[in-house]
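Next come the chains, spelled out residue by residue.
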2 protein chains.
Amino acid sequence: MATKDKILDTAERLIANQGFAATSLRQIIGEAGVNLAAVHYHFGSKEELLDQLILRKITSVNEQRIARLDALESEADGRPVPVDRVLAAFFEPMIETGSRNPQFVKVMARLQGEGLIPSIMQKHFRSTISRFVRALRLALPDVSQEEFFWRLQFMFGAMSRAVSDPVDFVPGMLKDERHEFSSVIRRLMVFLAAGFQAPASMEMPQEQEVQA
Amino acid sequence: MATKDKILDTAERLIANQGFAATSLRQIIGEAGVNLAAVHYHFGSKEELLDQLILRKITSVNEQRIARLDALESEADGRPVPVDRVLAAFFEPMIETGSRNPQFVKVMARLQGEGLIPSIMQKHFRSTISRFVRALRLALPDVSQEEFFWRLQFMFGAMSRAVSDPVDFVPGMLKDERHEFSSVIRRLMVFLAAGFQAPASMEMPQEQEVQA
DNA sequence: GTCTATACTGAGATAGAC
DNA sequence: GTCTATCTCAGTATAGAC
């Protein structure tokens, strides 16, 4: 079974550095020293390969997330868990994984950037996310359902930038500083907690907007 | 020169509906009724075609943005323009464009999802964005440079979800409601204003994180 | 069950005739 | 400016060796 793991490891390394679309199966099998058809034998397709690549590492992250949330909820004993606690339970397991397995986190970042996350989320995150969505919903009783829905979208959008390579919108704004993954995630949590708890935007159904 | 415009219009329609990667040049030229080589004659490459497709419509949006910001700054007369005003100047021109030209906004959304925005931003947004970044920076004197930098990243991440098709993290959470583009953008502005003005996260350089 | 060799289809790109 | 023909490389599929 060395072949399967050789493929997975090589693919992980290459996708982390080049992205998924830019990494061809032929490059993977070249560097892994295996045959092209072996990929399709073991995985069926390039997408399935990606899927298994993610699955073998994301599982433990999601288990940690659920465990943290379980602990918070039993501690809260029926009352809503505060937003920042829920967010911490979700994001901090990623910090630990990131320091232990930076390659894998880079892959996830690449996928975010390439827009492949929604479908992958649906597969591997669905049950985890629905737990967290419920917890967040309870913590935010004053936010309308539709506003809450969109704030979730914004959250995952912002998250994708936290794990991706930062974009230098204004060159020279940050001269090649080290961006510690853990501190970025912590900044993200602060940002999101504030966003989630913002006062509702005026709900004016299809009215004209006002000039500033 | 009808050929060039036929290509651009057809490409815009197809990319809006299928995405950039999923739309082949052969499909574009098929529906446009032109020859494959014409694309490379007029644009050079598929990416260049996309580039010109964006350029022909984004210019006016960016001009509106700058005009709005100019007005705010001269009105403020040296004092910082409040965060929410700056954000409105940036996002509201998109609302107007979205109602007048939904196809184009859908293309932008697709590109966000496919991770093609960073490079495009660099080309077409650079000067506009640096103006807005400066205005935001002045409005947020208490936020550290690094925290500000990351909040910018989060902002563009969240923005990308506002224009993309929403992801149904929890199925049935919103039964096929209409998501008015303008109200989503307004929700986004509220969310971002709160995130930007959040208290700074504790700046603890490479310390252990605390268990919750 | 595992893997190799090879072939198929469709993509973007290009050279050169008109 | 436009079109035909062709090139290279991608993901995929299958037949058959071990």
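Residues numbered from 1 in each chain as written. Chains lettered and ligands numbered in written order. Predicted model: local features only at pLDDT ≥ 70, side-chain atom pairs only at ≥ 80, totals over all residues. Heavy atoms only, no water.

### Digging into the overall build of chain A
When you go through chain A residue by residue, the secondary structure sums to nine helices and zero strands. Listed N to C, the secondary structure of chain A is α-α-α-α-α-α-α-α-α in terms of helices and strands. In terms of overall dimensions, chain A has a C-alpha envelope of 60 × 45 × 35 Å along the principal axes. When the 212 residues of chain A are sorted by exposure, 53% land in the buried category. A sequence separation of at least 24 residues applies to 74% of the contacts in chain A between residues at least 6 apart. For chain A, the accessible area works out to roughly 9,800 Å², and carbon and sulfur atoms hold 52% of it. (Helix = DSSP H or I, 4+ residues; strand = E, 2+ residues; numbered from the N terminus. Buried < 20%, exposed > 50% of the residue type's maximum accessible area, 1.4 Å probe, protein only. Contact = heavy atoms within 4.5 Å. Areas by Shrake-Rupley, 256 points an atom, 1.4 Å probe, with all protein chains shown as cover.)

### Digging into helix α6 (residues 102-114) of chain A
Residues and elements named next belong to chain A. For α6, built from 13 residues, the straight-helix expectation of 18 Å at 1.5 Å per residue is met to within 8% by its first-to-last C-alpha distance of 18 Å. Residues of α6 that are buried: Phe104, Val105, Val107, Met108, Ala109, Leu111, Gln112 and Glu114. Immediately downstream of α6, the backbone of Gly115 shows phi near 75 degrees, a positive value. (Expected span 1.5 Å × (residues − 1).)

### Some words on the protein's contact with DNA strand C
In the region of DNA strand C, 15 residues are neighbours, and A:Thr3, A:Asn35, A:Tyr41, A:His42 and B:Arg26 sit closest. Put simply, 58% of the atoms of DNA strand C that lie within 4 Å of the protein are in sugar or phosphate. Within the backbone of A:Asn35, a nitrogen or oxygen atom sits 3.1 Å from a phosphate oxygen of DNA strand C. Between DNA strand C and B:Lys46 there is a distance of 3.1 Å, counted from a phosphate oxygen to a backbone nitrogen or oxygen. If you tally residues by element for the surface near DNA strand C, the top one is helix α3 (residues 36-42) of chain A, at four residues. Split by residue class, the surface near DNA strand C holds six nonpolar, seven polar and two charged. (Near = heavy atom within 4 Å. Polar contact = N/O pair within 3.5 Å; in protein donor to acceptor, adjacent residues only side chain to side chain. Nonpolar A, V, L, I, M, F, W, Y, C, P; charged D, E, K, R; others polar.)

### Things to note about the domain arrangement of chain A
Residues and elements named next belong to chain A. Looking at the assigned domains, one finds that chain A contains domain 1 (1-44) and domain 2 (54-200). Between domain 1 and domain 2, the buried area comes to about 900 Å², and carbon and sulfur atoms account for 49% of it. Summed over the three residues of domain 1 that lose the most area to domain 2, namely Glu12, Ala16 and Phe20, the buried surface amounts to 53% of that side. Where domain 1 packs against domain 2, one counts three salt bridges. A salt bridge links Glu12 to Lys57; the nearest nitrogen and oxygen atoms lie 3.0 Å apart. Put simply, domain 1 and domain 2 have seven residue pairs in polar contact (both at pLDDT 80 or more) between them. When its residues are assigned to classes, the side of domain 1 that touches domain 2 shows five nonpolar, three polar and four charged. (Domains from an automatic or database assignment. Buried area = accessible area lost by both parts, 1.4 Å probe. Salt bridge = Lys/Arg side-chain N within 4 Å of Asp/Glu carboxyl O.)

### Focus: the interface of chain A and chain B
Put simply, an interface is often sized by how much accessible area is lost when its parts join up. With 66 residues of chain A at the interface, the matching set in chain B holds 66 residues. Considering only the surface of chain A that becomes buried against chain B, A:Phe169, A:Arg187 and A:Phe191 emerge as the three largest contributors, covering 15% of it. At the junction of chain A with chain B, the criterion picks out four salt bridges. The partner of A:Arg187 in a salt bridge is B:Glu147, and the shortest N-O contact between them spans 3.1 Å. Connecting chain A to chain B are six residue pairs in polar contact (both at pLDDT 80 or more). Mapped onto the side of chain A that touches chain B, the elements with two or more residues apiece are α5 (83-100), α6, α7 (117-139), α8 (145-163) and α9 (181-196) of chain A. It is α8(A) that provides the largest number of residues to the side of chain A that touches chain B, a total of 16 residues.

### Topic: the relation of the copies chain A and chain B
Superposing chain A onto chain B takes a rotation of 180 degrees combined with a translation of 0.0 Å along the rotation axis, leaving an RMSD of 0.1 Å. Overall, the copies show the geometry of a two-fold rotation axis. When the interface residues of chain A are mapped onto chain B, 100% of them again fall at the interface, so both copies present the same face. (Least-squares fit on C-alpha atoms with pLDDT ≥ 70 in both.)

### Quick word on the packing of aromatic side chains
Scanning all chains against the criterion turns up 19 aromatic pairs over all chains. Through pairs of rings, three or more aromatic residues link up here, namely A:Phe148, A:Phe149, A:Trp150, A:Phe154, A:Phe191, A:Phe196, B:Phe148, B:Phe149, B:Trp150, B:Phe154, B:Phe191 and B:Phe196. Positioned above the aromatic ring of A:Phe90 is the side chain of A:Arg65, whose terminal nitrogen or guanidinium carbon lies 3.9 Å from the ring centre. (Phe/Tyr/Trp six-rings, centres within 6.5 Å; stacked < 30°, edge-to-face > 60°. Lys NZ or Arg CZ within 6 Å of the ring centre and 35° of its normal.)

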